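# Architecture and fold: a report
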Amino acid sequence: MKKRYMQWRLRFFTKPTATSPRLQKYIDSNRLRTLLLGAFGSILITLSSYGVGWIADSSGFWRNNLIRTIRYEVSWVIVCIIALSLGAMIMCREWLRIYQKMGTWNNSSLRWMIAIVTCWSLPQVFALTIYSRDMFSYYGQGMVMAHGLNPYKQGVSEIANFMQNGADPQWAESPPPYGPISLKIEEFIARIVDGNIDLAIFLFRFVSVLAVVGILFFVVKLAQLYKYNQTRALWQVGANPLFIASFIASGHNDSLMTMFMLAGLYFAKRYPNVYGGVLGVTMVTFGVGVKPLALVVLPFVGLLWAGNNASWVRKFTIWFISGIILLAELAILGYISDLGFGWVSALSTTGGQYIWYTPIGLVIGFIGLFAHGDSFDAVKKILENIGKLLGILSALSFAFVGRYRNVVRYAGLAILAMLFFSPMIQSWYILWAVPMIAATGLRSHFQLMWYFVTTLFFMAYAVCDQLYISPYLNDFNQGMARLIAILICLAYIVYLMALDPATRRMVYLSFHPHQVKRTITRMWWQLFPQTRERLRARRTRQILQKH
């Protein structure tokens, strides 16, 4: 029995052995094939979007005979569902395969990575809206602004025939959870398109593409500051299929907020003085002007401004000064936009929503099986408030632990901690934090595989959840479409995890207990470096005692 236990321990708790030469050659070779297959997956997504993507009723696409054919014939709709699901999963596979083929991640690899990001992203610039229809609500809010109304007080229902422009009905009376910069961009686009909803959607996507370029720029710059490989950072962010889907195909304004958060952290890190600190806080202000969530990174910009080995008196002083600067700049933005601080009252717009795959959302859903009506609403409100409190406290706690060199990483972890306790997480929410963590290094196999599995889950969920199926089809509805997409995505995930000779090997290596233990130990040491110092001191004393 003891011998069998030792064999089991040796197998599962020691470093995995190398692969065979033949398998290693298959895993490492042919970067061009990965580039082309990923581009093929992106093209599949773009083409299928014309069959199951979102189109406003007022869109000019409805005058196209081909569009009407593929959207109103069940056989063509099914083909588009299959193509969309396969395209998303193929991109996920090839994204993982990049890691196995880049080798030394040198300057030559950087050129390959830029080519990959470009070839994978470009097709989806011309896709119809998929994975989300938030861009239609941007247009509706822009129309409200263009008509001289305050979107924090009047909903998009104030605009005649607003439903024809594709906005989700939940925004009919709800104030937008966006800041004045986002709303002024929406107003500008709504004015120049003169009622052309298709041009408006393309311009919203173009703004998001510019923000994506900014995100990748600051990710590379932060990676340089942290002496982390730029090619790996670019792979972890720019080539991520979820990043491309959310910030290009869906055109979320979160890309603009994320760019400003990264810019704030970069300038405060690059220039740890008054100039860099004020510029960093200003970038955070612009981020808040897009979405108020950008406030989360303000304490970390303050830490970077305070500098290494700063006393707590200096840190709190810098935090106070940062807050004053931010409030003053927000007041100026509110005055220029004539919107004031209306975004404060809009922070509760997304309240009351929950989803099953979050811890708080799972508890709320479970309680909903037994409680109904006012009692359920009361319990849900309590749990939401508990989640918000825990999220805020856990996010702030990262500003008080660890070392100065990990501040940017802690900013990303603070956002993830806040999301963990939120009852509602959309697929693109994790992209707020990923660039900060990737720029400072996702190094271990386990960290990378956690990132990959999370991306795979949210990509599959977005594909299945955001399909537009005409209600006028005979014997086919959105539920049946989702079932087809779920089955295809699940089958492909099983293939990646268990059957594919290249990816299954990486899954095994990444979830090996040796890697899990190593990752957990490193994370603990980063958060509590004094533990590592005490351990080293104890080992040193033991060695000295022996000798």
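Anything mentioned here points back to the structure above.
Along each chain, residues carry numbers from 1 onward, in the same order as the chain's sequence is written. Totals for whole chains, interfaces and linings use every residue, but because this is a predicted model, local features are given only for residues with pLDDT of at least 70 and side-chain atom pairs only at 80 or more, for both listing and counting. Computation of side-chain values: all heavy atoms of the structure, hydrogens and water removed.

With that settled, the discussion passes to the overall build of the protein chain. Working definition: helices are DSSP H or I runs of at least four residues, strands are E runs of at least two. Numbering for both runs from the N terminus. The secondary structure content of the protein chain amounts to 25 helices and zero strands. Contact criterion: two residues are considered in contact whenever any of their non-hydrogen atoms come within 4.5 Å of each other. Pairs at least 24 residues apart make up 77% of the contacts formed inside the protein chain by residues separated by at least 6 positions. Accessible surface computed for the protein chain: about 25500 Å², of which carbon and sulfur atoms make up 65%. For accessible areas, the Shrake-Rupley method is used with a probe of radius 1.4 Å. Any residue's cover is judged against the shown protein chains and nothing else.

Turning our eyes to something else, we now look at the pattern of salt bridges. Only one rule defines a salt bridge in this text: a Lys or Arg side-chain nitrogen within 4 Å of an Asp or Glu carboxyl oxygen. What the rule picks out here adds up to six salt bridges. For Arg 93, the salt bridge identified is with Asp 500, shortest N-O distance 2.7 Å. Here Arg 93, found in helix α5 (residues 74-101), pairs with Asp 500, found in the loop between α22 (478-499) and α23 (503-510); they are 407 residues apart in sequence, far enough to count as distant. For Asp 254, the salt bridge identified is with Lys 291, shortest N-O distance 3.1 Å. Of the two residues, Asp 254 sits in helix α12 (residues 254-270) while Lys 291 sits in the loop between α13 (274-290) and α14 (298-306), which places them 37 residues apart along the sequence. Of the residues examined, Asp 254 reaches a relative accessible area of 2% and is grouped as buried. Buried residues are those whose accessible area, probed at 1.4 Å on protein chains only, stays under 20% of the maximum for their type, while exposed residues exceed 50% and partly exposed ones sit between those limits. With relative accessibility at 13%, the residue Lys 291 sits in the buried group.

With that settled, consider the environment of Trp 312. Take Trp 312: it is sitting in helix α15 (residues 312-337). Given a relative accessible area of 39%, Trp 312 falls into the partly exposed group. Separated by 88 residues in the primary sequence, Trp 312 and Phe 400 place their C-alpha atoms 9.6 Å from one another. Sequence-distant contacts of Trp 312, that is, excluding residues within four places in its chain, are made with Trp 319, Ala 399 and Phe 400.

This brings us to the nonpolar core. Counting residues in each nonpolar core, the largest one holds 142 residues, and the members touching the most others are Met 89, Tyr 131 and Phe 300. The contact partners of Phe 300, leaving out residues within four places of it in the chain, are Leu 265, Ala 395, Phe 398, Ala 399, Val 407, Tyr 410, Ala 411 and Ala 414. In plain words, nonpolar cores are sets of buried Ala, Val, Leu, Ile, Met, Phe, Trp, Tyr and Cys residues tied together by side-chain atoms within 4.5 Å. Listed in part, the 21 residues of the second largest apolar core include Met 135, Tyr 138, Ile 159 and Ile 197.

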